[in-house]
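Coordinate inspection notes
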Amino acid sequence: MQTEKSTVTSENDLSQAAIPEAEQHRWGEPIRGQTVEIEQAEQDFSELSRELSRLSRVKSHQSEEKSIGEYEKQISTDEEQPDFDLSEWIRNDSEKTAQNGVGTKKIGVSFQNLSVVGVDLGSNKAQTVLDALFDGIGGALVKWARSKVPGLSPKVPLRTILHDFNGLVRSGEMLLVLGSPGSGTTTLLKALTNQREGYVAVNGDVIYDGMDHITAKKQYRGEIIFNEEDDRHIPTLTVRQTLKFALSLKTPRVRAVGESNKDFIDKLIDLYGKMFGISHTMNTLVAGISGGEKKRVSIAEVLANRAAIVAFDNSTRGLDASTAVDYIRSLRILTNLTYSTTIVTLYQAGESLYKEFDKVCVVDSGHQIFFGPVNEASQYFENLGFERPELMTTADFLTSVTHPAERKIKKGWEERVPQTPEELEAAFKASKYYSMTLNDIKTYHEELANTGNESLSQFTEAVKLQKSKIVGSKSSYTVSFFKQVQMLVIRDLQYQWQDKTTLKNRIVNSIICAFVFGSVFYNLSLDVSGIYPRGGVLFFILGFNSWVVQVASAESIAERPLLNKHVRFGMVRKSAFSVAKTISDFPVTLTQTTIFFLILYFMSNAHRTAGAFFVALLFVQLMTFMMLALYRAFAVFCGSIDSCLRYMGVLVVYVYFWAGYARPAKDMQWWFRWAYYIDPFVYAFEALTVNEFHNRDMKCDELVPSIPGASIENQACPVPGAVSGQEYVSGDAYLLTQLNYSYTHLWRNFGILIGYYVFFVAVQVLFIELIDYNGFSAQIKSFVTSPNKDIDSRLKYDDTANRSDDSTDCEKQVIRGSLYTFTNVNYTVPTANGAKQLLDHVEGYAVSGKLLALMGSSGAGKTTLLNTISQRMTVGVVSGDFALNGMALSKSFQRTTGFVEQQDLHEAKQTIREALRFSARLRQPAHVPLKEKYAFVEDIIRLLDLDNIADALIDYVGFGLSVEERKRVTIGVELAAKPAMLFLDEPTSGLDSEGSFSIITFLRRLALQSGIGIICTIHQPSAILFSKFDNLLLLGRGGKTVYFGPIGDKGNTVINYISRHAKRPNPEDNPAEYILEATGAGIRRSSVDWPKVWQESEEVIMRRREIEALNQEWKSNPPPQLPENGDDIEYASGIIEQTKAVTTRLWLTIWRTPSLGYSFLYAALATGLVGGILFFDLQHTIIGAQDRSLLMFLPMLAVMPIINSYEIHFIFARNLYELREKKAKVYSWIALVSAYIICIVPYAIICAVIFFPTFWYMPKLSTDSSAAGYGFWMLLLLAIWNSHLAVFMGGFVPSMSAAGIINPLFFVALQLSFGVSVPYNQLNGFFKHFIYWINPAAWMIRGLTTTALHNVEIECDPVELAVFSPPTGSTCEQYAGEWVNSTYGVLLNPTDSENCKYCQYTTGDDYLSSIGFSYSTRWRDLGVSIMFVCLNVFLCYVSYYFAREQRFLSLTRLFTSLKNAFKSKD
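Bear in mind that the values here come from a model prediction, so they are computed numbers and not experimental data.

1. Some remarks on the overall build of the protein chain
Summing up its helical and strand segments, the protein chain has 53 helices and 30 strands in all. Across the 1466 residues that make up the protein chain, the buried fraction comes to 60%. Nonlocal contacts in the protein chain, meaning residues at least 24 apart in sequence, comprise 80% of its contacts between residues at least 6 apart. With an accessible surface of roughly 55400 Å², the protein chain has 56% of that area assigned to carbon and sulfur atoms.

Below, the structure is given as structure tokens:
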């Protein structure tokens, strides 16, 4: 395996102090069945916090970019922290604050008859390009009109999400909400924390110590907050900066005596670092920390708000069991000592977590089926007739009651026990706990009334003392608007500076493009021959800088989720965010535009006076920021990045083309000339142009007539604005005559641009506050067909039967009987400090019919080991011995084994059935009939309980399928290949306890009945889940083995081993939690060197002998059923079959992605219409000939959105292929590239058909069938070539950020060198003699231009005539007739004796000759264009092969090689 440069965080050996045995107990947890006593809890948590204080401080470590899933982050410790008592810290801090008169913010929340109603979106029909077209041509308008007419508007189906909930959570209490995903737990948390956006109605009473929800929303939003499940942070901020930002916006005005703002912030940052074990990450970018650490940062950010009521939605996801316990216990301490109100949902709550709560609310399909003390909930349901299985935790038992397939009913109670959600709710309302709840609420409200809502008054007073003096008393914010802007600006500048990749890309991009532009326009002539290109360079100076900042619109939309979170937390206003963005844009944008301007301005020989230079720089900067404000304002009204980019493309075409450069205003049609005057680019271009040409006299390089010996008095300059008898043309006169530009407009235009800038900034600041972007429901499934139709009835089966341990036909089909062993596995990666070993002599095996669990703390190397033994590592050096069935691994190993990624990577626009069929079609042996493969897929769908949603789109993560459904799809895709081994990375991550139980039970049954060997990493296993595994491989920090061997009944075998060196667990303890805690997982450390203990144990000798014996047995006596596709071939299917399958999938993907396919068609139509209207009915003048030439620039702009969108789509598909499908040997890269080459052609053809009529006939180009036909075919070739260019670029660029550098450079060179923006005759030598001829677009554009201008009669406009006077006594014909006959031009008044009027051209062919084109070459141009289209197809394969497969063109390798070369040179 080749070594590729990659870096990881450093890890050193741990240096720890021994924990006294007295502190190794279970922190005073009450025994099962008893309630949590607050005083006892405080004492226990004091001991816990002191133990936390002895943890080693972890050094800041460097984290650099790595491939997804390649290896896990690891940490190192070597410095002791001073003792830290969390309880004492909080008490002392509260006392100091109280000395300044600040009371405690303590309010509870009560809710009565709470019901939530939402839109029942249920499932949708998958949208296609056809649906988007229908909406685009008026369907959306019709739907909108119908919705406004009474009686015609469709009824919106509604669904009651929560039914009549009641409860009370007092200050200082913790409420645990349990339920399955989709049951309404998140909605309950949102309703209790006043997050009502997106719901139709929230009925009932939610009271916060006497305060209604309206007042709470307006004045105390930041005191009642909801923390969502997903972690949203800016990846290029450090952890310290992230927390400092939150604290700076929540720093109270009144603090402890003598404590400054800085002291307060530093104090809390230090506290949260110690509480959650993230001190070592403080100076590390968020992008460089592990998922578990990100979760802890999210929690710390919530606590930084110091809210009175806090709700956490599944906040332990991604944390290992030990860290989750520490986190919940820390919440317990904070809740007790700060009297806050804490509400938490947990999907996998161990017993030690469950006991920390005071109350529990159980939710079943939106119905409240229990609310009461945590220690009485289990007995309540047991009394109803439900049986609690052995080893099942209380939380798992309560959740299982809501699962018909999982719950167990006592014998004899089958007819009496309530089973439906409605029956369970009725049983609860008939119980004493419901009466207790109502009485508790009544008593609580009476207490509040008797005290005059004293607690609320204290709360409001405490909040008031927190707020800045200049913040209104009714404001929900702590700091002023100006302070918000200040902190947002600081944050933006920090992450811009720390995002080195983007920063370098922007600067490098500007420098390179400036030199390319400068080389094209190098040292422009000061005479009249430089007039046209001089206008071009001014246009491109403005246009390029305005173009590159388009990305701001997409960034604005991408930042909304994080902004919405901070707004919900009461940290910032959305308008403050817009103002801060406007300010923080200045440094980088000023630098970028100035660098570009300086290079191009002086290379092009622009007006070199100080006044002209600074005026030009001023207008370029002003125009750039004005366009930046326009893009951000435009984005405010867009709901998605796709729609924004789609419409933005048309906006950009309008802004640039209507600026007067492509066609002067006087030549535009009067009925659409208003579009010219509202275009801000017009005023910037006029100002820049008049500034350049003012007071400049340009000498004519060729006078008319050019008769030897003629007097200047009888000659004229053939340039608009020239005066007869003068050999110089005034720049001011030229602009006034040709474009109606005047220098007197300069500062008027400056004022207009300032007005535009202020207007666009005001629009974004105002409307971002008014528009609500919340309310979108992500968990909506989209079906290709009706979810209840077209599903074979034979696939229906009883749910409980599926979850039993009985064998099924499908399971019999996938029998493999395999053995996989790995010994002495080492894995190292190169870092800045040398090679780093992530796995250290790991060994183990997986045998058919058994489950092997990989466990360890976060950063121990679980995923690294799984990737390594599954042969999926692509960086670093792997060593060790791997054997399948006692034999060395063959090429087919990756194809014949399944790997379930933790990220659940799929093609989003496939249905579940299609994804499984795709896997079976390409991964099962080629000789198996397709019908048989698909039949097997149907069995897998049934086995995984996916039949009812088999025709639903998988969609993107967070949309469509739930987490559990997506995980089952991932497993199904791998099972469809009939694997010999199955590797799974965290298959239970993000699932609730029942979902986890369902997945692990299924894997257990699969292993037992199918003979598949299964290796699985696991994070937070409950005791019952842990018991489903047969063997355990436990990793310690540094990737070292702590234990490998059988788990034993109830974990006895491994517990016996661990307890030799640690205190034995209590009988009720979860074995998995005990093992992790005892061996020093989480944020604690162990004094025992467990890897050393393992290496010196008898068990390690036994395991090694066992591995040798198993290998020998399987080698000498192979299993009866060997893999059918176990031959030594890399892919199961041939290249043709691969291409057919991938092409079919891609075609459906584009068809089902309206934002992609529709964008292609929309760009063609909209760009064609904009250009057709602008160039409508071109005149037969010289400027009309130039307009026909510039019109040929339009097709290149029309295809730009296609190129960008298709390239991005290809890069994403390429990433999916390289992350999963390539590693699994599903298909080869040739099939991927071929599919993208094939699928874009029909869209290119349709785009050409749509674009051509407006492009060709609205400007009234030649209607001759030969000319029009030629124009269409050349346009079609241009569309196909450009479409394939996206594949070529997508295969070549290493990343999206690199595409940001390469694409503009490539397109600039392409568009400047095809002879339109700069005529061929005026190109510089390198471009003229080389770049032009290898530019495929030049051949196609030349063919279009010559065809459009052939035989076009030209009649000069009066301002285009060269007027001269003949010598006295001569007529115009006598004086210049002979010379005129030798030119392209014509005399309009040959018999006159004065004011001779000369027109330079008579036909379009004359104009073509003047710019170096000829109609006679058009068929040659067509032939060469066809050759280039074919060559481009070939180059798509070449670029991908060398850049992605061989990595010869890897920019990363290139930069690394150069860096190493300089190092060695030094």
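2. Focus: the pairing of strand β9 (residues 309-313)
With five of five residues buried, β9 is to be regarded as a mostly interior element. Here β9 shows a buried face lined by Ile-309, Ala-311 and Asp-313 and a second buried face lined by Val-310 and Phe-312. Note that strand β8 (residues 224-227) and β9 share four bridges and pair parallel. Opposite Asn-227, over in β9, you have Phe-312 as the bridge partner. Sheet analysis places β9 next to strand β10 (residues 341-345), joined by five bridges and oriented parallel. From the neighbouring strand, Val-310 faces β10, where its bridge partner is Thr-342.

3. Some remarks on the packing of aromatic side chains
Enumeration over the complete set of coordinates arrives at 86 aromatic pairs. Note on Tyr-601 and Phe-602: the rings are 5.5 Å apart at their centroids and 80° apart in plane angle, and the pair reads as edge-to-face. Its end group placed over the ring of Tyr-934, Arg-917 keeps NZ or CZ at 4.5 Å from the ring centre.

4. Brief notes about the packing of helix α44 (residues 1194-1221) against helix α46 (residues 1265-1292)
For the pair α44 and α46, the least separation of the axes is 8 Å and the interaxial angle reads 35°. The interaxial crossing formed by α44 with α46 has right-handed handedness. Here Pro-1195, Met-1196, Val-1199, Ile-1202, Ile-1203, Tyr-1206, Glu-1207, Phe-1210, Ile-1211 and Arg-1214 of α44 come into contact with α46, specifically with Leu-1275, Leu-1278, Ala-1279, Asn-1282, Ser-1283, Leu-1285, Ala-1286, Val-1287, Met-1289, Gly-1290 and Gly-1291. In terms of residue class, the contact of α44 with α46 is built from 15 nonpolar, four polar and two charged.

5. Focus: the pattern of salt bridges
Side-chain pairing between opposite charges can occur once the charged atoms of the two side chains come close. All told, the structure shown has 46 salt bridges when counted by the stated rule. A salt bridge links Glu-197 to Lys-217; the nearest nitrogen and oxygen atoms lie 2.8 Å apart. On the criterion of sequence distance, the pair formed by Glu-197 in the loop between α4 (185-192) and β7 (201-207) and Lys-217 in helix α5 (residues 213-219) is long-range, its members being 20 residues apart. A residue is classified by how much of its surface remains accessible, and Glu-197, at 28% relative accessible area, is partly exposed. The class for Lys-217 is partly exposed, based on a relative accessible area of 25%. Across the pair Arg-1220 and Glu-1221 runs a salt bridge, and its minimum N-O distance is 3.6 Å. Here the two residues Arg-1220 and Glu-1221 agree in accessibility, since each one is buried. Members of the salt-bridge network, linked through shared partners, are Arg-170, Glu-173, Lys-359, Asp-440 and Glu-447.

6. Concerning the side chain of Ser-742
Within the element layout of this structure, Ser-742 appears in the loop between α26 (731-738) and α27 (746-770). At 2.7 Å, the side chain of Ser-742 forms a polar contact with the side chain of Thr-744. Other than its neighbours up to four places away in sequence, Ser-742 contacts Glu-686 and Val-690.

7. Points about the nonpolar core
Note on soluble globular proteins: their nonpolar side chains tend to be buried together. One finds Tyr-272, Val-360, Phe-381, Tyr-820, Phe-822, Ile-1015 and Leu-1032 to be the most contacted residues of the largest nonpolar core, which totals 211 residues. Sort the elements by how many residues they give to this core and helix α7 (residues 261-276) lands first, with eight residues. Beyond its immediate stretch of four places on either side in the chain, Phe-381 contacts Val-362, Ile-369, Phe-370, Phe-386, Phe-397, Leu-398 and Val-401. If you look at the next biggest cluster of nonpolar residues, it comprises 201 residues, including Ala-684, Leu-688, Leu-1190 and Ile-1237.

8. A short note on the sheet that holds strand β29 (residues 1386-1387)
If you walk across this open sheet you meet the three strands as β28-β30-β29, and the pairing is antiparallel. Edge positions in the sheet fall to β28 (1362-1364) and β29, since each of these pairs with one other strand and no more.

9. Structural notes on the confidence of the model for the protein chain
Averaged over every residue, the pLDDT of the protein chain is 81; the share at 70 or more is 85%. Taking the mean pLDDT of every element in the protein chain, the minimum, 30, falls on strand β1 (residues 56-58) and the maximum, 95, on strand β12 (residues 367-373). Here residues 1122-1126 is modelled with pLDDT under 50, and outside its nearest four sequence neighbours on either side it reaches 18 contacts, counting other chains as well. The low-confidence segment residues 1460-1466 (pLDDT under 50) makes zero contacts with residues lying over four places distant or belonging to another chain.

10. Description of unusual backbone geometry
Excluding glycine, residues mostly carry a negative phi; peptide bonds, for their part, are mostly trans. That bond from Val-704 to Pro-705 is cis: its omega, -5°, falls within 30 degrees of zero. With respect to the helices and strands, Pro-705 occurs in the loop between β15 (697-699) and β16 (728-730). In this structure, Asp-164 takes a positive phi of about 50° despite not being glycine. With respect to the helices and strands, the residue Asp-164 is situated in strand β5 (residues 158-169). Judged by its relative accessible area of 18%, Asp-164 falls in the buried class. Within the chain, His-841 stands out as a residue other than glycine whose phi angle is a positive 50°. Along the chain, His-841 falls in strand β19 (residues 834-847).

11. What about the state of the cysteines?
Simply put, the disulfide is a covalent bond whose two ends are the sulfur atoms of two cysteines. With the rule as written, the count across this model stands at three disulfides. When the cysteines engaged in disulfides are numbered in sequence order, the protein chain pairs them as 1-2, 3-6, 4-5. Of all cysteine sulfurs, the one in Cys-644 lies closest to Cys-638, which takes part in no disulfide; the gap is 4.1 Å. Given a relative accessible area of 7%, Cys-638 falls into the buried group.

12. Digging into the pairing of strand β26 (residues 1031-1036)
One face of the sheet, then the other: side chains in a regular strand alternate in exactly this way. A large share of β26 lies buried, amounting to six of its six residues. With burial as the criterion, each face of β26 is covered, one bearing Asn-1031, Leu-1033 and Leu-1035 and the other bearing Leu-1032, Leu-1034 and Gly-1036. In terms of strand pairing, strand β20 (residues 851-856) meets β26 through five bridges, oriented parallel. Across the sheet, the residue bridging to Met-855 is Leu-1034, located in β26.

13. With respect to the packing of helix α21 (residues 574-603) against α27
In contact at an axis separation of 7 Å, α21 and α27 are set at 145° when each is read in the N-to-C sense. For the element pair α21 and α27, the recorded crossing hand is right-handed. Facing α21, whose interface residues are Lys-574, Ser-575, Phe-577, Ser-578, Val-579, Thr-582 and Phe-586, α27 presents Tyr-757, Val-761, Gln-764, Val-765, Ile-768 and Glu-769. Here the contact of α21 with α27 is built from residues that sort into seven nonpolar, four polar and two charged.

14. Details of a nonpolar patch on the surface
Taken together, Val-119, Leu-158 and Val-200 make up a surface patch of nonpolar side chains, about 240 Å² in accessible area. Along the chain, Val-200 turns up in the loop between α4 and β7.

15. Notes on the environment of Ala-710
Along the chain, Ala-710 falls in the loop between β15 and β16. The spatial distance from the C-alpha of Ala-710 to the C-alpha of Pro-1367 is 9.2 Å, given a sequence separation of 657 residues. Look past the residues within four positions of Ala-710 in its chain and what remains in contact with it is Gln-715 and Tyr-1375.

16. Quick look at α44
Helix length check: α44 (28 residues) gives 39 Å between terminal C-alpha atoms against 40 Å at 1.5 Å per residue, within 8%. Remark: the principal bend of α44, roughly 30°, maps to Met-1200, with a proline, Pro-1201, within the next four residues. Burial analysis of α44 places 22 of its 28 residues in the buried class, which makes it a mostly covered element.

Quick notes on the rules
Residues numbered from 1 in each chain as written. Predicted model: local features only at pLDDT ≥ 70, side-chain atom pairs only at ≥ 80, totals over all residues. Heavy atoms only, no water. Helix = DSSP H or I, 4+ residues; strand = E, 2+ residues; numbered from the N terminus. Buried < 20%, exposed > 50% of the residue type's maximum accessible area, 1.4 Å probe, protein only. Contact = heavy atoms within 4.5 Å. Areas by Shrake-Rupley, 256 points an atom, 1.4 Å probe, with all protein chains shown as cover. Pairing = 2+ DSSP bridges. Phe/Tyr/Trp six-rings, centres within 6.5 Å; stacked < 30°, edge-to-face > 60°. Lys NZ or Arg CZ within 6 Å of the ring centre and 35° of its normal. Axes fitted to C-alpha atoms, helices over the stretch in contact; angles between N-to-C directions. Left-handed = near helix turned anticlockwise from the far one by under 90°. Nonpolar A, V, L, I, M, F, W, Y, C, P; charged D, E, K, R; others polar. Salt bridge = Lys/Arg side-chain N within 4 Å of Asp/Glu carboxyl O. Polar contact = N/O pair within 3.5 Å; in protein donor to acceptor, adjacent residues only side chain to side chain. Core = buried A, V, L, I, M, F, W, Y, C linked by side-chain atoms within 4.5 Å. pLDDT = per-residue confidence, 0-100. Disulfide = S-S within 2.5 Å. Patch = residues over 30% accessible without salt bridge, like charges linked within 9 Å, V, L, I, M, F, W, Y side chains within 5 Å. Expected span 1.5 Å × (residues − 1). Bend = angle between axes of the 7 residues up to and from the residue.

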